[in-house]
Amino acid sequence: MTIERIIIKNYRTLRAVDLKLGAGTNIIVGNNETGKSTLLEAINLALKCQLARRPAAYELHPFLFNSDSVTEFVAAHRAGNLQPPPEILIELYFKDDKPLADLRGTINSEMIDQPGISLAIRLDENFKEEYREYVSRRELNSVPVEYYEIVWQSFAGQILTPRAVPVKSVLIDPRPISKPSGATR
């Protein structure tokens, strides 16, 4: 399995990333705090639906969202200019290999017919009315993630589950399993 392209929107420090990878080994270089580890974490999140080695649903918190997009959302809400809540999107476009045929489809932000996986963290439509009521009577300080869902699916539209992860991956991360501060920017 080869990842050819990565699209990330609003994940931690990565507001909008569209990265095309080369056919061989790719080396990610940058200064401290520029998002290198966050990029790898996002890839792992899309591949396994896990954060800090736990199911992502258990690790869902407002600090996963890009701080600039959250600031804009909160400011707009306070100004009475209600906007849709921020969403996180991570898409992995794979090389078109026969073993990945089940992941092939056009359900991605680019509508490209290619094998791939997407993970979206977004407002759960089942709680839309409850969310509207909540934001209408409260001054927001952050993203109300209690009204959010994680949608993990192939580009073919097949819902993915941890029991049937379509690709195997390993993220070797020297950081401790859980940080005392809970989240990083």
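The model shown is predicted, which means the values in this text are computed figures rather than measured ones. (Residues numbered from 1 in each chain as written. Predicted model: local features only at pLDDT ≥ 70, side-chain atom pairs only at ≥ 80, totals over all residues. Heavy atoms only, no water.)

A word on the pattern of salt bridges. Applying the stated criterion to the full structure yields 12 salt bridges. Linking Arg 15 and Glu 72 is a salt bridge whose minimum nitrogen-to-oxygen distance equals 2.8 Å. Taken together, the positions of Arg 15 in strand β2 (residues 14-20) and Glu 72 in helix α2 (residues 67-78) put the pair 57 residues apart, joining distant regions of the chain. A relative accessible area of 33% places Arg 15 in the partly exposed class. Arg 137 is the salt-bridge partner of Glu 133, the closest N and O atoms lying 3.6 Å from each other. Judged by relative accessible area, which is 47%, Glu 133 ranks as partly exposed. (Salt bridge = Lys/Arg side-chain N within 4 Å of Asp/Glu carboxyl O. Helix = DSSP H or I, 4+ residues; strand = E, 2+ residues; numbered from the N terminus. Buried < 20%, exposed > 50% of the residue type's maximum accessible area, 1.4 Å probe, protein only.)

Let us now look at the side chain of Glu 59. Tracing the backbone shows Glu 59 in the loop between β4 (54-55) and α2. Glu 59 sits in the buried class, given a relative accessible area of 19%. Within the local environment of Glu 59, its side chain forms a polar contact with the side chain of Arg 54, the two groups lying 2.4 Å apart. With near-sequence residues (within four places) excluded, Glu 59 lies in contact with Leu 51, Arg 54 and Leu 64. (Polar contact = N/O pair within 3.5 Å; in protein donor to acceptor, adjacent residues only side chain to side chain. Contact = heavy atoms within 4.5 Å.)

Our focus in this paragraph is unusual backbone geometry. A positive phi angle is found at Arg 12, which is not glycine, with a value near 50°. Along the chain, Arg 12 turns up in the loop between β1 (3-11) and β2. Arg 12 gets classed as buried once you look at its relative accessible area, which sits at 7%. We note that Cys 49 has phi near 55°; this positive angle belongs to a residue other than glycine. Relative to the helices and strands, Cys 49 is located in the loop between α1 (36-48) and β3 (50-51).

If you look at the biggest cluster of nonpolar residues, it comprises 41 residues, and the most contacted ones within it are Ile 8, Tyr 11, Phe 65, Ile 90, Leu 92, Phe 94 and Ile 117. When contributions to this core are tallied by element, the ones reaching two or more residues are β1, α1, α2, β5 (88-94), β7 (114-123), α3 (128-136) and β8 (148-154). Counting residues per element, this core draws most heavily on α1, which supplies 6 residues. Filtering out sequence-adjacent residues up to four positions away, Tyr 11 remains in contact with Thr 38, Glu 41, Ala 42, Leu 45, Leu 51, Leu 64, Asn 66, Ile 88 and Ile 90. (Core = buried A, V, L, I, M, F, W, Y, C linked by side-chain atoms within 4.5 Å.)

We now examine α2. Between its first and last C-alpha atoms α2 spans 16 Å; for 12 residues at 1.5 Å apiece the expected length is 16 Å, and the two agree. Of the residues making up α2, those classed as buried are Ser 69, Val 70, Phe 73, Val 74, Ala 76 and His 77. Each buried residue of α2 lies within a common arc of 165° when the element is viewed along its axis, so the set occupies one face. Turning to α2, the residues buried within the fold contact β1, β2 and α3. Where α2 starts, the residue carrying a side-chain oxygen 3.0 Å from the main-chain nitrogen of Asp 68 turns out to be Asn 66. Once α2 finishes, Gly 80 follows within two positions and takes phi at roughly 80°, a positive value. (Expected span 1.5 Å × (residues − 1). Arc of directions from axis to C-beta.)

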